[in-house]
Amino acid sequence: MLLLTLLLCFSPGVLGQLEESQFGDDIDLADFDLDIAPRRVPRQVKTILAKESKPHIQELSIKTTIISRYAFTAVYCAMLNRHSAATEAVFQFQIPANAFISNFTMIIGGRVYQSEVRPKEKRVKQENGKAKNKESGDASSEPEVEVFRMAANIPGRNRAVFLLTYEELLQRRLGRYEHVTSLRPMQLVSRLSLDVTIVDHSPITDLQVLPLRNGRSAGASSSAAGADAPKIAGKPEPPVTTVIKNEKNVCKITFSPNIVQQAKITTSGLLGDFVIRYDVQRDMGIGDIQVLNGHFVHYFAPKDLPVVPKNVVFVIDTSASMLGTKIRQTKDALFTILRDLRPGDRFNFISFSNRIKVWQPNRLVPVTPLTIRDAKKFIYMLATTGGTNIDGAIQTGSSLLRDYLSSPDASPNSVSLIIFLTDGRPTVGEMQSAAILGNARSAVQEKFCIFTIGIGNDVDYRLLERMSLENCGMMRRIHEEADASAMLKGFYDEIGTPLLSDIRINYTEDSVQYVTQHLFTNYFNGSEIVIAGKLTNQSAESLHVQVTASNNDKSIILETDVPLRHRQTETERHVKAATAAIAAGTKAPGSGVTEGLGAALGSIAEDFVERVWGFLSVKEGLRSRLRVQTSKEREDHIRQATNLSMTYHFLTPLTNLVVEKPEVLADGTMAPAPTISPAAAEAVSTANELPADADDGKPQRPSGKAGSQTSPLSNTIGKVVRRPAKKSITVSKTSADGDPHFVVEFPLSKLTVCFNINGEPGHILRLVSDHKYSGVTVNGKLIGAPAPPGSHKQQRTYFSTVTIVVDHPKRAYIEVTPKKVILDGRDRMVLPCHSTVSVDSGALSVSIVGKSNVTVTVGGNISFVILLHHYKNPAPYQRDHLGFYIGRSKGLSHNCHGLLGQFLYEEVGLAELPAGGDTKPSAVLKVKDRSVPVVQKSRRIYGGTQSVDCWFARNNAAKLIDGQYEDYVTSHMFATGDWPNGTNRV
């Protein structure tokens with residue numbers, strides 16, 4: 001599913017509660033909504049609050065659900081402007097470096113401002129081409145820039161609500177996962193709450209909540225917050241008010257300090273990072289594989305293996321800028337690392353500035369008391385001077401390793417690596433990044449890995465990142481004021497214990513597709529390998545998994561058959577536990593906000609395996625674009641990663657997050673909302689949420705709350721008018737409906753042909769493909785259901801989503817589900833399917849007849865009709881689904897393809913065969929140069945209101961369609977790739 005657009009899960013009722021006016025003309029301390037009696041608020045806190053000139057944060061609520069190490073976080077922030085004049089509010093939140101923002105929404109003055117994710121313009125400044133009152137949320141491609149910031153004016157005596165969501169896959173390091181939430185609201189907050197729910201397939205172990213962590217972390221600036229807090233010896237205690245409930249596979253952690261408790265920690269609002277660490281119980285063997293809705297995720301973290309010896313060269317920057325704290329902390333870390341080297345390891349040190357010094361020239365030395373003593377002397381004598389010759393240092397280190405690996409002393413299964421540390425940019429020798437990277441690749445020759453570390457603010461982190469990515473390593477950034485010694489030692493600990501090398505993970509070749517990275521150079525103790533993919537055949541009984549790797553002096557092969565249906569059932573039970581835990585945490589009285597946050601998290605958890613696949617696929621595409629050598633390969637990776645970012649609504653280095661900002665008049669009031677008809681206000685849910693279906697089928701009336709107000713975005717969408725339902729329109733029989741059953745009408749041949757597609761849930765089928773010519777592509781996603789009792793089928797499949805993408809004159813799309821229509825033309829809009837409404841958005845227009853059908857028109861001469869099939873009391877084998885019908889096809893080209901599109905301009909012939917006995921009439925259909933055996937059948941179409949006689953082709957339309965069924969399965973809902981075997985014309 002397209003993202004579930006996250007905050008679309010907030011109900012209009014909740015949004016209405018948030019924005020009901022509750023402020024009088026006079027505002028005093030009561031307006032701060034303090035959660036303790038005013039007389040108990042210390043005078044110091046009252047003084048601080050009274051002096052605040054910026055809008056006050058009444059509530060900051062953060063809810064995170066971690067389901068099988070994939071974390072969804074929703075942030076709710078309500079700010080109050082106590083003054084009569086309009087005031088600028090700044091919403092700022094630090095997110096983890098590895099996370100993707102997936103939605104942002106503002107509610108100001110009773111109006112909803114929903115963000116959009118758009119592709120970045122190539123080589124164009126991000127401000128260009130945007131309306132005057134639009135801006136992009138701050139997010140940079142820099143590896144560690146993690147502060148999301150949005151400023152907006154709040155009218156006088158009013159309040160604003162900011163809603164932010166982000167997602168991340170937790171990485172296992174040193175045998176544990178760490179989840180960090182930044183609590184830096186920059187002021188005291190009336191109501192502050194953090195709820196984290198951890199649900200895992202395996203029992204949760206080693207759970208630990210640390211004291212609030214201060215200093216530079218998660219993109220926040222350094223502060224002295226809590227510096228005067230007492231330091232506790234022994235086991236660290238969690239922050240005050242923290243409550244932990246751990247029940248084997250489900251753990252709930254809450255933190256809710258009142259305003260006085262916050263002030264005791266710090267009065268600046270810079271509380272620090274709330275850190276949770278944990279691990280899960282894991283069995284030996286192939287790892288944990290979870291299956292859900294046509295996708296799988298595989299977690300592989302073996303343990304209790306013998307350590308592989310390593311050959312390591314430390315390359316240390318000793319230029320003048322390392323003087324002082326940096327070189328002292330680096331030396332401290334290296335002294336500690338020396339103690340951790342193992343007897344089977346080989347090592348050497350190189351220092352570089354203008355000059356390059358090698359501790360032990362032309363060799364790697366074994367670990368002995370004597371070599372360790374001499375290495376300590378070399379480290380102790382390191383002096384800082386001169387410039388930074390990065391290229392020369394890498395060449396020297398690579399030459400040392402290459403020479404050793406070609407010598408008879410080298411262990412055949414050892415792991416070789418360079419650990420490279422610098423605090424600056426190249427200033428001596430080769431200074432062009434491209435040349436340095438090319439030289440490094442040539443020197444490494446894929447024989448070892450380079451791990452890079454940057455210290456401070458003057459480092460070319462892009463160079464270090466690319467160098468590590470291109471040479472199978474990792475990069476770490478150490479902030480200027482951080483404890484470099486501890487972080488350098490921690491990084492070494494992550495990579496200091498290799499257990500496996502040359503890991504290859506394979507799955508049954510014809511059972512999976514679009515698998516993320518499955519070849520790995522090394523596996524280090526305490527880490528984890530995560531792979532995700534799509535299943536091509538969910539009806540298969542099992543999935544064969546094979547892991548091959550090298551360990552010390554032998555090869556390892558692990559194999560097993562994973563029972564798919566059993567794993568699907570287990571994962572579904574796992575998801576139910578997650579949603580139940582979320583729901584249990586949002587039952588408190590008056591918790592409308594937390595219920596809305598819980599609903600958002602609960603709904604997206606239901607597709608978490610697919611989202612893990614999307615997340616890893618985007619990450620892989622971003623890495624690959626930096627790693628490849630040719631511009632064509634780079635553009636391919638950029639295009640793929642951009643499309644996936646759009647599909648899952650991720651803010652990445654390739655996309656922008658754009659949101660319209662409210663207009664506030666000079667007198668401090670909101671500019672009037674644009675005028676549209678009351679009927680449209682009924683039908684359009686500008687809170688980007690579908691109201692609950694009314695019992696009588698009529699659209700709900702506006703309640704005066706935010707959930708039913710009209711967004712200024714609608715002013716730019718075009719004419720939005722309520723029209724009476726049209727008379728029934730003439731639609732061709734060419735369609736895909738039901739299980740799905742395909743019907744193709746050949747007017748020139750006066751024949752109707754039909755066929756079935758026995759697809760798999762999660763498959764996305766290309767229905768119409770005319771991207772190169774008319775610019776139109778139609779894709780449909782399948783959802784599964786059990787077969788009826790007595791059926792010969794194992795399962796049924798229906799269309800749950802249909803996406804129509806248009807690329808001329810500019811890109812736009814419509815996504816239709818049984819509940820809603822998402823229209824992204826001039827601007828993004830969400831329309832409920834239970835209301836009757838028409839919207840014209842330039843290249844695309846849509847007309848909805850409530851609870852009946854959706855008609856999409858493209859450019860006046862192409863139209864598609866999508867029937868909405870709902871069940872009041874569905875049987876287990878029934879699902880709400882869609883039927884797709886081609887209305888007008890005149891604007892589609894003769895080169896159109898797809899399961900339906902390839903027949904639009906085709907002529908066929910029929911040679912009937914004599915019927916035998918009671919068998920149905922049979923014939924041979926001539927399609928192009930192919931002969932297709934067919935039998936006569938009757939099909940019900942148009943929602944069962946009509947029947948059509950047709951000639952039925954068996955076996956997934958073999959020989960009837962060009963190619964095979966698998967050729968029509970595409971990677972994602974917005975894929976517009978061409979038919980792989982050319983056009984429809986012979």
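Above: the structure in question.
So, here's what we can say about the structure. (Residues numbered from 1 in each chain as written. Predicted model: local features only at pLDDT ≥ 70, side-chain atom pairs only at ≥ 80, totals over all residues. Heavy atoms only, no water.)

### Regarding the overall build of the protein chain
Okay, so step 1: In terms of regular secondary structure, the protein chain is built from 14 helices and 52 strands.
Okay, so step 2: Within the protein chain, the fraction of its 986 residues that count as buried is 58%.
Okay, so step 3: By sequence separation, contacts in the protein chain at least 24 residues apart represent 71% of the contacts at least 6 residues apart.
Okay, so step 4: Just so you have it, the protein chain exposes about 40,400 Å², and 49% of that area is on carbon and sulfur atoms. (Helix = DSSP H or I, 4+ residues; strand = E, 2+ residues; numbered from the N terminus. Buried < 20%, exposed > 50% of the residue type's maximum accessible area, 1.4 Å probe, protein only. Contact = heavy atoms within 4.5 Å. Areas by Shrake-Rupley, 256 points an atom, 1.4 Å probe, with all protein chains shown as cover.)

### A short note on the sheet that holds strand β29 (residues 529–535)
Okay, so step 1: Strand order in the open sheet formed by four strands is β17-β18-β29-β27, with antiparallel pairing between adjacent strands. Strand pairing shows two members of the sheet lacking a second neighbour, β17 (288–292) and β27 (512–513), which therefore form its edges.
Okay, so step 2: Examined bridge by bridge, β27 and β29 share two bridges and lie antiparallel to one another. Pairing of V512 across the sheet is with L535, part of β29. (Pairing = 2+ DSSP bridges.)

### A look at the packing of helix α4 (residues 325–340) against helix α5 (residues 369–380)
Okay, so step 1: With their axes 10 Å apart at the nearest point, α4 and α5 run at an angle of 175 degrees to one another. Taken together, the axes of α4 and α5 lie roughly antiparallel to each other. The segment α4 lies against α5, with K331, L334, F335 and L338 engaging I372, A375, K376, I379 and Y380. (Axes fitted to C-alpha atoms, helices over the stretch in contact; angles between N-to-C directions. Parallel < 35°, antiparallel > 145°, perpendicular 65-115°, else oblique.)

### Topic: the pairing of strand β51 (residues 946–953)
Okay, so step 1: As paired strands, strand β36 (residues 751–756) and β51 are joined by three bridges and run parallel to one another. Bridge pairing links F755 to A953 in β51.
Okay, so step 2: Taking the residues between adjacent antiparallel strands as the criterion, strand β50 (residues 930–941) and β51 are bridged by four residues, where Y942 takes a positive phi near 55 degrees.

### With respect to the environment of Y942
Okay, so step 1: On the secondary structure map, Y942 appears in the loop between β50 and β51.
Okay, so step 2: Separated by 207 residues in the primary sequence, Y942 and S735 place their C-alpha atoms 9.2 Å from one another.
Okay, so step 3: What Y942 contacts, discounting residues up to four positions off in sequence, is V731, S732, K733, L867 and Y885.
Okay, so step 4: At 3.5 Å, the side chain of Y942 and the backbone oxygen of S732 are in polar contact. (Polar contact = N/O pair within 3.5 Å; in protein donor to acceptor, adjacent residues only side chain to side chain.)

### Remarks on the packing of aromatic side chains
One pair of aromatic rings is described through two measures. These are the centre distance and the angle between the planes.
Okay, so step 1: Per the counting criterion, the structure on display carries 33 aromatic pairs.
Okay, so step 2: For the ring pair Y648 and F650, a centre distance of 6.0 Å and an interplane angle of 25 degrees mean the geometry is stacked. Pair check on accessibility: Y648 and F650 agree, each one buried.
Okay, so step 3: Taken together, Y70, F72, F100, W613, F615, Y648 and F650 form an aromatic cluster joined through their ring pairs.
Okay, so step 4: Positioned over the ring face of Y299 is R69, at 4.1 Å from the centre of the ring.
Okay, so step 5: If you follow R477 out to its NZ or CZ, it ends over the ring of Y461, 4.2 Å from the centre. (Phe/Tyr/Trp six-rings, centres within 6.5 Å; stacked < 30°, edge-to-face > 60°. Lys NZ or Arg CZ within 6 Å of the ring centre and 35° of its normal.)

### Some thoughts on the state of the cysteines
Okay, so step 1: As enumerated under the stated definition, the model contains two disulfides in all.
Okay, so step 2: Two residues, C449 and C472, share a disulfide whose sulfurs are 1.9 Å apart. One disulfide, between C449 and C472, carries an S-S torsion of -105 degrees and so falls in the left-handed class. Residue C449 is located in strand β24 (residues 449–455), and its partner C472 is located in the loop between α8 (461–470) and β25 (475–478); the two are separated by 23 residues in the primary sequence.
Okay, so step 3: Classification of C449 by relative accessible area gives buried; the value is 2%.
Okay, so step 4: For C754, the disulfide goes to C950, at an S-S distance of 2.1 Å. Measuring handedness by torsion sign, the sulfur bridge of C754 and C950 sits at about 75 degrees and is right-handed. Taken together, the residues C754 in strand β36 and C950 in strand β51 connect sequence positions 196 residues apart. (Disulfide = S-S within 2.5 Å.)

### Digging into the environment of N506
Okay, so step 1: For N506, the location among the structural elements is in strand β26 (residues 498–507).
Okay, so step 2: Residue class for N506 comes out partly exposed when judged on its relative accessible area of 26%.
Okay, so step 3: Note: C-alpha distance between N506 and Q546 (40 residues apart in sequence) is 5.2 Å.
Okay, so step 4: Beyond its immediate sequence surroundings of up to four residues, N506 is in contact with H518, H544, V545 and Q546.

### Observations concerning the side chain of S617
Okay, so step 1: Here S617 is to be found in helix α12 (residues 608–627).
Okay, so step 2: A polar side-chain atom of S617 sits 2.7 Å from the main-chain carbonyl oxygen of W613.
Okay, so step 3: Among all residues touching S617, those that are not within four sequence positions of it are T516 and L644.

### Looking at the nonpolar core
Okay, so step 1: By size, the foremost hydrophobic cluster in this structure holds 62 residues, and its most contacted members are F755, V846, F884 and L960.
Okay, so step 2: Not counting residues up to four positions away in its chain, the partners in contact with V846 are I814, V821, L823, L831, V837, S838, V839, V854, T855 and V856.
Okay, so step 3: In terms of nonpolar packing, the next biggest core, distinct from the first, is built from 51 residues, A71, F104, V189 and V196 among them. (Core = buried A, V, L, I, M, F, W, Y, C linked by side-chain atoms within 4.5 Å.)

### Some points on the sheet that holds strand β11 (residues 176–183)
Okay, so step 1: Strand order in this open sheet of four strands is β10-β11-β16-β13, and the pairing throughout is antiparallel. At either margin of the open sheet sits one strand with a lone partner, and together these are β10 (172–173) and β13 (204–209).
Okay, so step 2: One ladder, built from seven bridges, connects β11 with strand β16 (residues 272–280); its direction is antiparallel. Bridged to S182 within β16 is D273.

### Digging into α4
Okay, so step 1: If you check α4, its first and last C-alpha atoms are 23 Å apart, about what 16 residues at 1.5 Å a residue would give, namely 22 Å.
Okay, so step 2: Of the surrounding secondary structure, the elements contacted by the buried residues of α4 are β19 (310–317), β20 (346–352), α5, β23 (415–422), β24 and α9 (484–495). (Expected span 1.5 Å × (residues − 1).)

### Some words on the pattern of salt bridges
Okay, so step 1: In this structure the tally under the stated criterion is 30 salt bridges.
Okay, so step 2: The salt bridge partner of R172 is D279, with a shortest N-O separation of 3.0 Å. With R172 in strand β10 and D279 in strand β16, this residue pair connects regions lying 107 residues apart in the sequence.
Okay, so step 3: The network of salt bridges with common partners includes R69, R172, D200, D279, R282, D288 and E528. (Salt bridge = Lys/Arg side-chain N within 4 Å of Asp/Glu carboxyl O.)

Nothing here speaks to function; it is all geometry.
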